[in-house]
Each structure stands twice: as C-alpha cells, then as structure tokens.
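Next come the chains, spelled out residue by residue.
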Amino acid sequence: EAGVAQSPRYKIIEKRQSVAFWCNPISGHATLYWYQQILGQGPKLLIQFQNNGVVDDSQLPKDRFSAERLKGVDSTLKIQPAKLEDSAVYLCASSLDRGLQPQHFGDGTRLSIL
Amino acid sequence: AQSVTQPDIHITVSEGASLELRCNYSYGATPYLFWYVQSPGQGLQLLLKYFSGDTLVQGIKGFEAEFKRSQSSFNLRKPSVHWSDAAEYFCAVGPYNTDKLIFGTGTRLQVFP
C-alpha cells in the first residue's frame, strides 16, 4: 500500500511570509495528524482530524497556524505569518481510525525560516 | 502530567554489540507504550508497541522491549546491532483509549564497524 505522502520536502522562507504544507494519508485512513518536530526534540502533536472534523487542536498556535481537511482525505497545514521559531520538520501521520495504532508517518516537510 | 524521558541523548556501539535504549514514563494509569525509529530525512516507523499482557514484546528488525511497571520503564533492546540500525529512536506514551502520543526527546544511535 502507498504510504503517507507529503509535499514539499523542503521549504525555505523569510519570517513573516506564509507557507503551506500538503498531506495525503493512506487510503481509507480516517484519522490524520500533524506534528511539529523541532531539532533535537520529539514530535509534538499540533492537530488531529477524524474524517473532516477536528478532534484535538489544543497545541496548535491558532493565531498563525491553520489546518483543514475539507473532504476527509488530504489535508493542508498553513502558517501565516511565519516566525523564526517555526523552523522545524512538519510530519503528517494517519491511522485507520481513532484509538487504533499504529500511526503511519510521512517523511515530513523541513521548514527553514530566515 | 504525562511525560517521557529518554536519558541518553547519544549512544555509540560497535556493530555486533548488544544495545539497550532507556525510556522512563510518567503516567497515572496504564499507558500504551511505543518505540519508533527515524532514519535521517524520513518519517517515524513503528518498531513495537505494548498495550497489555506479556511484558516482553517483540518488534520488527530484531528489537524487543520490556515493560516494567515498578520502574516505569520500557527499555528497548537488541542482542546484536547492525550498521543499518544507526538512526534516532523515540519512545512514546499514549493514554488509554486515546490517540495522543507524547514523545521523548529521542536517542541517536551511532554504530561503528
């Protein structure tokens, strides 16, 4: 089966610019996650979707980050405006359903803010 | 508060040597426990998981882990390391019946020939 697809793989922007990341989960997976992984740290959950609804966005900086999964399949994560501390790898993961592990991860998007 | 501690930031072993990566967790109830591996430039791959039952769990690539409730530990082991095992290893805890994984800060494994 095809894995979780993410694009772009790398992105370099200047602070205060905007950026968007795309994720296509494994076919049939109802649950989709976005994680932020800062260098030297473990991934931190930003937002979790169940189909096209948000389950948990408690750690999403909502003043600058937004995410959507309009049709319950692929998802977009946006940052506007970007800050230097947003430099990180953004990982997307999916699982068959809630409470069912494991989560399958994509290769991530590495974001550098200048 | 729930947390995961991986006390070793970086470990170096020789190929063929045994390996143990430490993981301690803080959680008030029975946790779900996981070990993931991340190769450079790639996402995380699940090595093994513990939900309940036998406290010694077997995973992929010859890895195993032992859950010790009295020590709040879930250490990862491999009897003989291969050069391809060089990567970053993350321990994670997930509260019962939810999806929210809390990751440790990772242990980078370097393997010398």
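Residues numbered from 1 in each chain as written. Chains lettered and ligands numbered in written order. Predicted model: local features only at pLDDT ≥ 70, side-chain atom pairs only at ≥ 80, totals over all residues. Heavy atoms only, no water.

## Observations concerning the pattern of salt bridges
Residues and elements named next belong to chain B. In total, this model carries 7 salt bridges over all chains according to the counting rule given. For arginine 22, the salt bridge is made with aspartate 8, and the minimal N-O distance between the two is 2.9 Å. Linking arginine 22 in the loop between strand E3 (19-21) and strand E4 (24-26) with aspartate 8 in the loop between strand E1 (3-5) and strand E2 (10-14), this pair joins segments that are 14 residues apart in sequence. Look at arginine 22 and you get partly exposed, because its relative accessible area is 39%. Through salt bridges with shared partners, one network takes in Glu64, Glu66 and Arg77. (Salt bridge = Lys/Arg side-chain N within 4 Å of Asp/Glu carboxyl O. Helix = DSSP H or I, 4+ residues; strand = E, 2+ residues; numbered from the N terminus. Buried < 20%, exposed > 50% of the residue type's maximum accessible area, 1.4 Å probe, protein only.)

## Some remarks on the sheet that holds strand E8 (residues 75-79) of chain A
Residue and element names in this part refer to chain A. Strand order across the open sheet formed by 4 strands is E1-E3-E8-E7, with antiparallel pairing between neighbours. Since the sheet does not close on itself, it has two edges, and those belong to strand E1 (5-7) and strand E7 (65-68), each with one partner. Averaged over neighbouring strand pairs, the angle between their axes works out to 15° when direction is ignored. Direction of pairing for strand E3 (residues 19-24) relative to E8: antiparallel, over a ladder of 5 bridges. Considered in E8, the bridge of alanine 20 is made with lysine 78. (Pairing = 2+ DSSP bridges. Axes fitted to C-alpha atoms, helices over the stretch in contact; angles between N-to-C directions.)

## Things to note about the packing of aromatic side chains
Here the structure, examined in full by the defined rule, presents 16 aromatic pairs over all chains. Between tyrosine 32 of chain B and phenylalanine 51 of chain B, the aromatic rings sit 4.2 Å apart at their centres with planes inclined by 25°, giving stacked as the arrangement. Remark: phenylalanine 51 of chain B occurs in the loop between strand E6 (44-50) and strand E7 (56-58) and tyrosine 32 of chain B occurs in strand E5 (residues 32-38); sequence separation between them is 19 residues. Every member of this aromatic cluster is reached through a ring pair, and the members are Tyr33, Tyr35 and Phe105 of chain A together with Tyr32, Phe34, Tyr36, Phe51, Phe90 and Phe103 of chain B. (Phe/Tyr/Trp six-rings, centres within 6.5 Å; stacked < 30°, edge-to-face > 60°.)

## Points about the nonpolar core
What tends to happen in soluble globular proteins is that the nonpolar side chains get buried as a cluster. Residues and elements named next belong to chain B. Core analysis: the biggest nonpolar cluster contains 26 residues, and Trp35, Leu48, Phe74, Leu76 and Tyr89 have the highest contact counts within it. For this core, the elements supplying multiple residues, two or more each, are E2, E3, E5, E6, strand E8 (64-68), strand E9 (73-78), strand E10 (87-94) and strand E12 (107-112). Here this core gets 4 residues from one element, more than from any other, and that element is E10. Residues within four places of tyrosine 89 in sequence aside, it is in contact with Gln6, Leu21, Trp35, Tyr36, Val37, Leu47, Phe63, Leu76, Gly106, Thr107 and Leu109. (Core = buried A, V, L, I, M, F, W, Y, C linked by side-chain atoms within 4.5 Å. Contact = heavy atoms within 4.5 Å.)

## Some points on the environment of serine 18 of chain A
All names here are of chain A. Along the polypeptide, serine 18 turns up in the loop between strand E2 (10-13) and E3. Among the residues examined, serine 18 registers a relative accessible area of 45% and is labelled partly exposed. Taking C-alpha positions, serine 18 is 11 Å from leucine 77, a pair spaced 59 residues apart along the chain. Dropping the residues within four chain positions of it, serine 18 is found in contact with Ile13, Ile79 and Gln80.

## What to know about the pairing of E9 of chain B
Working note: regular strand, side chains alternate between the two faces of the sheet. Residues and elements named next belong to chain B. Burial runs high along E9: 5 of the 6 residues are buried. By the bridge criterion, 3 bridges tie E3 to E9 in an arrangement that is antiparallel. Residue pairing in the sheet places leucine 21 in a bridge with leucine 76 of E9. Of the pairings in the sheet, the one linking E8 to E9 comprises 5 bridges and is antiparallel in character. Among the inter-strand pairings, alanine 65 is bridged to a residue of E9, identified as leucine 76. Between the end of E8 and the start of E9, which pair antiparallel, lie 4 residues, with serine 72 showing a positive phi angle near 50°.

## Side note on the state of the cysteines
For the structure on display, the rule yields 2 disulfides over all chains. What pairs with cysteine 23 of chain A in a disulfide is cysteine 92 of chain A, and their sulfur atoms sit 1.9 Å apart. Around the S-S axis, the bridge from cysteine 23 of chain A to cysteine 92 of chain A shows a dihedral of about -70° and counts as left-handed. Of the two residues, cysteine 23 of chain A is situated in strand E3 and cysteine 92 of chain A in strand E9 (residues 88-95); the sequence distance between them amounts to 69 residues. On the accessibility criterion, cysteine 92 of chain A (0% relative accessible area) is buried. The residue that forms a disulfide with cysteine 23 of chain B is cysteine 91 of chain B, at a sulfur-sulfur distance of 1.9 Å. Across the disulfide from cysteine 23 of chain B to cysteine 91 of chain B, rotation about the S-S bond amounts to roughly -65°, and the bridge is consequently left-handed. Here cysteine 23 of chain B is found in the loop between E3 and E4, whereas its partner cysteine 91 of chain B is found in strand E10, with 68 residues between them in sequence. In this pair, the class of cysteine 23 of chain B matches that of cysteine 91 of chain B, namely buried. (Disulfide = S-S within 2.5 Å.)

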